[in-house]
Amino acid sequence: MTAAKRPARVAAAPEVIRNGLMVIGPDRPRLIASALLALLVGIVETGILYIIAAIAIAMSGGGAVRLGPAGMGFEVSIATACHIGLAVVVVLLALSFPLAKLLASLSSRAMVRLRGRMLRAYLSASLHYRDTHREGLLQQLIGEYAMRAENSVQQLALALVTICMFAAVLAGAIISSPVIALGMVGGLALCGALLFPIIRRMRQDATKPILTNREVVGRVAQATRTSQEISAFHVARPVIDMLARDIAIAAEAMRKLRFEGRLVPSLFQYGAIGIVLLLVLVLSGSGTGHLEGLAPLALLLVRALTYVRQLQRAMHVAREMAPYITSIEEEVSALEENAWPEGDREIADFRELRFDHVDYAYKPGERVLKDVSFAIRQGEMVGIVGPSGSGKSTLSGLILRLRSAASGTIAVDDVPLERATAESWARLSAFVPQDSHLIYGTVYQNIRFFRDGYDDETVIAAAKGAHLHDEIMRLPEGYDTLIGPGARGLSGGQRQRLAIARALLARPKLIVMDEPTSALDRNSELMVGQTLEELKGHTTIVLIAHRPATLGICDRIFRVEHGVLTETPVSQHVA
Ligand SMILES: Nc1ncnc2c1ncn2[C@@H]1O[C@H](COP(=O)(O)OP(=O)(O)OP(=O)(O)O)[C@@H](O)[C@H]1O
C-alpha cells in the first residue's frame, strides 16, 4: 500500500451508511436530533399544505374553510384559516433554524475531526513509511478527500432528514386518501424496478475513471516543484498537454456521474406522477368514490415527490463521495499502524552515542547500511565522508532517531535510542539538512520553527552563532521581515546559515550537519567554518562533508562506502 487510491467506483448504499456513521462517530446524538426535528418539520409542513388546499377549495367554492379530518372537522372563515396558516409558517421557520444548524455542524465537525486525525496520523508516522508515499498525499487527503467526506456526511444527513419529512407527508397523504397515496408508493416502487437496469448501467459507466485524481494531484505537485526546471528546459507545452489529458479523462468520468445524478431523479419523479395520474383516471372512471379531498392530497403528493427527488440526489452524491471515506480510513489506519514510537525514557544529556552492528534497508532485502559499528563521544567533531548514494544521509537519519535500525542497536549511553522519548532527543539533537526550507513567516518565526519558549534574545543569539545576524539587520524590518515562499527569498548561503541558526536555537548537545557547505559561496563557507570552530569542543558535531576544507576541523573521520563504515585518519582527508 503506497498511497491513497482514488476511489474508482460508486459505493453501495450500506457502505454509504456505514461510512457516514463512522465519520459522524461521536456526533450520532446530533444526527438523531436532526431526524426527530425533521419528522416534526414534516408533520407541520403537512399541516400547512392541508390548510393551503382547504383555503383554495373554499375560495373556489365561495364557502367557509373546512379544516380537520373528514367527519371530525370544523369550519372557519378564510381570514381565520390564513391566520392559522401564518402561525404554522412561523413554527416552520422556527424549526428550520435549529435543523439547518444541526445539519451544518454535523458535517463541519466531522471534517475537523477527520482533518485533525489525518494530520496527526501523517506527521506521527515513521519516516520509513512516509518514504513510500508519493508527493502531495497529505495535501490531497486533507484537501480533496476531507471535503468529499464532509460532503458525503452532509448528503447522508440530508437523506435521513428527507426520509423523515417524506414519512410525515406520506402519512398525511395516507390519512387523506389511502388508495391514491398507496398507489403513489406503488408507482415509485414500479419506477424503481423499471429504471434499475438503466441505473446500473449508467453507474458502471460512471465508475470507469481511468485516470485517478491522485495521479493528477501528484503530477501537479511535481510540476510545481520542478517549475523552474520546466521553464529552463522550455517544456511547459508538453507538461501542460500531459496535465490537460489527465484532467480531461478525469472530467469525462465525472460528467457521467453528474449525468446520472441529474437524470435518474427526474425519471423517478415524472414516472411516479404519471402513475398517480393513471390511478386517478382509473378511479374517476370506475366511480368508486375515493376522490373526495383530492386537492390537499395532490399537494401532499407533489411535496412527497419533491422529497423523493431530493433523497435520490442526496443518496447519489453520498454514494459518489463515500468511497473517499473508505480510502481515508484505509490510509489513516495504515499511517497509524506505522506510527513512529514516542519512546518512554527522558534523555537530558549523553556521554556517548553508540552504533553496534547496525543494518538499514529502505526496501526489504536491500541493505543500504551494513553492519555499522562506531561510537561518538560528547564534544567530538566527527566527519562522515563517502561517495554519493553510499548511505551518509541514511546514517544521519538514524542518529537523529528519525529512522530505526533494521538490526543491531543504537544506544545513547545505556539507553536504546528508540526508547528515548522523541521529544527529549529532538531537544538534545539538531539537524542542518542538505537542502533546508524556509516557511512563510518572519525571520524570528523561521528560526524558532514552531518551537515555543524561546524569546527574541535567544533567537538573535542563535542567528549570531550562525553568523547571520548582520545580514538580518540589513533586511527592511530586521528580524520581523517576512521571508519564505510567497515572500522575500534568501540566498542559498543565507538560507543555509538560517538552518544553522534554527539548529542552534535550543543549544543542542549534538548537531548533525548534512553537507553544510556543499553549495555555498566562499564567504558563506567561511562563516559556516567559523561557526563550527566556535562549537568545537562543547557541542558534538556529526559533519557529513566532501570538502577537505570542512573536514580539517574534525577530530575523527568515518568513510561510508556501499553502506560499510570504516574509520580513516583525518590527515588523509585534509588537503
Ligand atoms: N527513500 C528511499 N527509498 C529507497 N531508497 C533510498 C531512499 N533514500 C535513499 N535511498 C537509497 O539509499 C542509498 C543511500 O542513500 P543516502 O541518501 O543515504 O546516500 P548519501 O550517501 O547521503 O548520498 P548523497 O551524498 O548523494 O546525498 C542510495 O542508494 C539511495 O538510492
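This is a predicted model, so every value here is computed, not measured.

A. Broad picture of the overall build of the chain. Tallying secondary structure elements over the chain gives 18 helices and 14 strands in all. Over its C-alpha atoms the chain spans a radius of gyration of 35 Å, topping by over 25% the 25 Å that the globule rule assigns to 575 residues. Based on the C-alpha atoms only, the size of the chain along its principal axes is roughly 115 × 50 × 50 Å. Residue burial in the chain is summarised as follows: out of 575 residues, 47% are buried.

B. Examining the packing of helix α2 (residues 28-61) against helix α5 (residues 137-176) more closely. At a minimum axis separation of 8 Å, α2 and α5 run at an interaxial angle of 35°. Judged by the twist between their axes, the crossing of α2 over α5 is right-handed. Between α2 and α5, the contacting residues are Leu31, Ser34, Ala35, Ala38, Leu39, Val41, Gly42, Ile43 and Thr46 on the first element and Ala157, Leu160, Val161, Cys164, Met165, Ala168, Val169 and Gly172 on the second. Among the residues making up the contact of α2 with α5, the classes are represented as 13 nonpolar, four polar and no charged.

C. How the structure looks around the domain arrangement of the chain. Examined at the domain level, the chain breaks down into domain 1 (13-337) and domain 2 (352-574). Put simply, the middle of domain 1 and the middle of domain 2, counted by C-alpha atoms, are 54 Å apart.

D. Region of the structure containing the site of the ligand. Lining the immediate surroundings of the ligand are 13 residues, of which Ser388, Gly389, Lys392, Ser393 and Thr394 lie closest. Take Ser388: an N or O atom from its side chain is 2.6 Å from an oxygen atom of the ligand. In the environment of the ligand, an oxygen atom lies 3.1 Å from a nitrogen or oxygen atom belonging to the backbone of Ser390. For the ligand, the accessible surface in isolation is 640 Å², of which the surrounding protein chains cover 64%. Of the residues assigned to the shell around the ligand, the class counts are three nonpolar, seven polar and three charged.

E. Structural view of the packing of helix α16 (residues 492-504) against helix α17 (residues 522-535). Contact pair α16 / α17: the axes reach a minimum separation of 9 Å and the direction vectors enclose 15°. As the angle between them shows, α16 and α17 are arranged roughly parallel. Where α16 crosses over α17, the two elements pack in a sense that is left-handed. Between α16 and α17, the contacting residues are Gly493, Arg497, Ile500 and Leu504 on the first element and Ser524, Met527, Val528, Thr531 and Leu535 on the second. Here the residues of the contact of α16 with α17 are counted per class, giving five nonpolar, three polar and one charged.

F. Structural context of the sheet that holds strand β6 (residues 407-412). As summarised here, the arrangement of the four strands in space is β4-β3-β6-β7, forming an open sheet in which the pairing is antiparallel. Looking at the sheet topology across the chains shown, the edges are occupied by β4 (366-377) and β7 (415-416). Here helix α11 (residues 392-399) sits on the sheet in contact with β3 (352-363), β4 and β6, set at roughly 125° to β3.

G. View of the nonpolar core. Of all hydrophobic cores here, the largest spans 74 residues; its most connected members are Val65, Met118 and Ile328. When residues of this core are traced back to their parent elements, those giving at least two are α1 (13-24), α2, β1 (65-67), α3 (78-124), α5, α6 (178-206), α9 (236-286) and α10 (294-337). At 16 residues, the largest contribution of residues to this core is made by α5.

H. Representation of the environment of Glu144 within the structure. You can see Glu144 is positioned in helix α5. Sequence-wise, Glu144 and Val264 are 120 residues apart; in three dimensions their C-alpha atoms are separated by 26 Å.

I. Geometry of the sheet that holds strand β11 (residues 510-514). An order of β8-β11-β12-β5-β13-β14 is seen for the six strands of this open sheet, with the pairing classed as mixed. The open sheet is flanked by β8 (429-432) and β14 (564-568), the only strands paired with a single partner. Here the average twist between neighbouring strands, direction ignored, is 20°. With four bridges joining them, β8 and β11 adopt parallel strand pairing. If you follow Ala430 over to β11, its bridge partner there is Ile511.

J. Representation of the UniProt feature "transmembrane region" (unreviewed entry) in the chain within the structure. As annotated by UniProt and renumbered to match this structure, "transmembrane region" (unreviewed entry) occupies residues 31-58, 78-104, 156-175, 181-199 and 263-283. In residues 78-104, helix accounts for 100% and strand for 0%; the two terminal C-alpha atoms are 38 Å from one another. Taken end to end, residues 263-283 has its terminal C-alpha atoms 30 Å apart, with 100% of it in helix and 0% in strand.

K. Seen up close, the confidence of the model for the chain. Per-residue confidence for the chain gives a mean pLDDT of 83, with 90% of residues at or over 70. Interface predicted TM-score (ipTM) for the complex: 0.97; the corresponding pTM is 0.74.

L. View of the side chain of Thr540. Counting through the fold element by element, Thr540 comes out in strand β12 (residues 540-544). A polar side-chain atom of Thr540 sits 2.8 Å from the main-chain amide nitrogen of Gly379. If we ignore the near neighbours within four places in the chain, the residues touching Thr540 are Phe350, Ile376, Arg377, Gln378, Gly379, Glu380, Lys509, Leu510 and Ile511.

M. Just the packing of aromatic side chains, in detail. A complete count under the given rule lists seven aromatic pairs for this structure. Measuring from centroid to centroid gives 5.2 Å for Phe374 and Phe558, while their planes differ by 50°, and the two rings are tilted. Separated by 184 residues along the polypeptide, Phe374 in strand β4 and Phe558 in strand β13 (residues 556-561) bring together distant segments of the chain. Take Phe374: its relative accessible area is 5%, and that puts it in the buried class. Residue Phe558 is classed as buried on the basis of its relative accessible area, which comes to 3%. By the ring-pair criterion, three or more aromatic residues cluster together here, those being Phe355, Phe374 and Phe558.

N. A look at helix α14 (residues 456-465). Restricting attention to buried positions, one finds in α14 the residues Thr458, Val459, Ile460, Ala462 and Ala463. At its buried positions, α14 is contacted by α13 (443-448), α15 (469-473) and α16. Once α14 ends, the next one or two residues include His467, with phi positive near 55°.

O. Representation of the pattern of salt bridges. This structure, assessed with the given rule, holds 20 salt bridges. Asp131 is paired through a salt bridge with Arg403; the nearest N and O atoms lie 2.8 Å apart. Highlighted residues: Asp131 in the loop between α4 (127-130) and α5 and Arg403 in the loop between α11 and β6, separated in sequence by 272 residues. Exposure remark for Asp131: the relative accessible area of 40% places this residue in the partly exposed category.

Cut-offs applied
Residues numbered from 1 in each chain as written. Predicted model: local features only at pLDDT ≥ 70, side-chain atom pairs only at ≥ 80, totals over all residues. Heavy atoms only, no water. Helix = DSSP H or I, 4+ residues; strand = E, 2+ residues; numbered from the N terminus. Rg over C-alpha atoms; globule rule 2.2 N^0.38 Å. Buried < 20%, exposed > 50% of the residue type's maximum accessible area, 1.4 Å probe, protein only. Axes fitted to C-alpha atoms, helices over the stretch in contact; angles between N-to-C directions. Left-handed = near helix turned anticlockwise from the far one by under 90°. Contact = heavy atoms within 4.5 Å. Nonpolar A, V, L, I, M, F, W, Y, C, P; charged D, E, K, R; others polar. Domains from an automatic or database assignment. Near = heavy atom within 4 Å. Polar contact = N/O pair within 3.5 Å; in protein donor to acceptor, adjacent residues only side chain to side chain. Areas by Shrake-Rupley, 256 points an atom, 1.4 Å probe, with all protein chains shown as cover. Parallel < 35°, antiparallel > 145°, perpendicular 65-115°, else oblique. Pairing = 2+ DSSP bridges. Core = buried A, V, L, I, M, F, W, Y, C linked by side-chain atoms within 4.5 Å. UniProt positions renumbered as here; feature names shortened; annotations may be inferred. pLDDT = per-residue confidence, 0-100. Phe/Tyr/Trp six-rings, centres within 6.5 Å; stacked < 30°, edge-to-face > 60°. Salt bridge = Lys/Arg side-chain N within 4 Å of Asp/Glu carboxyl O.

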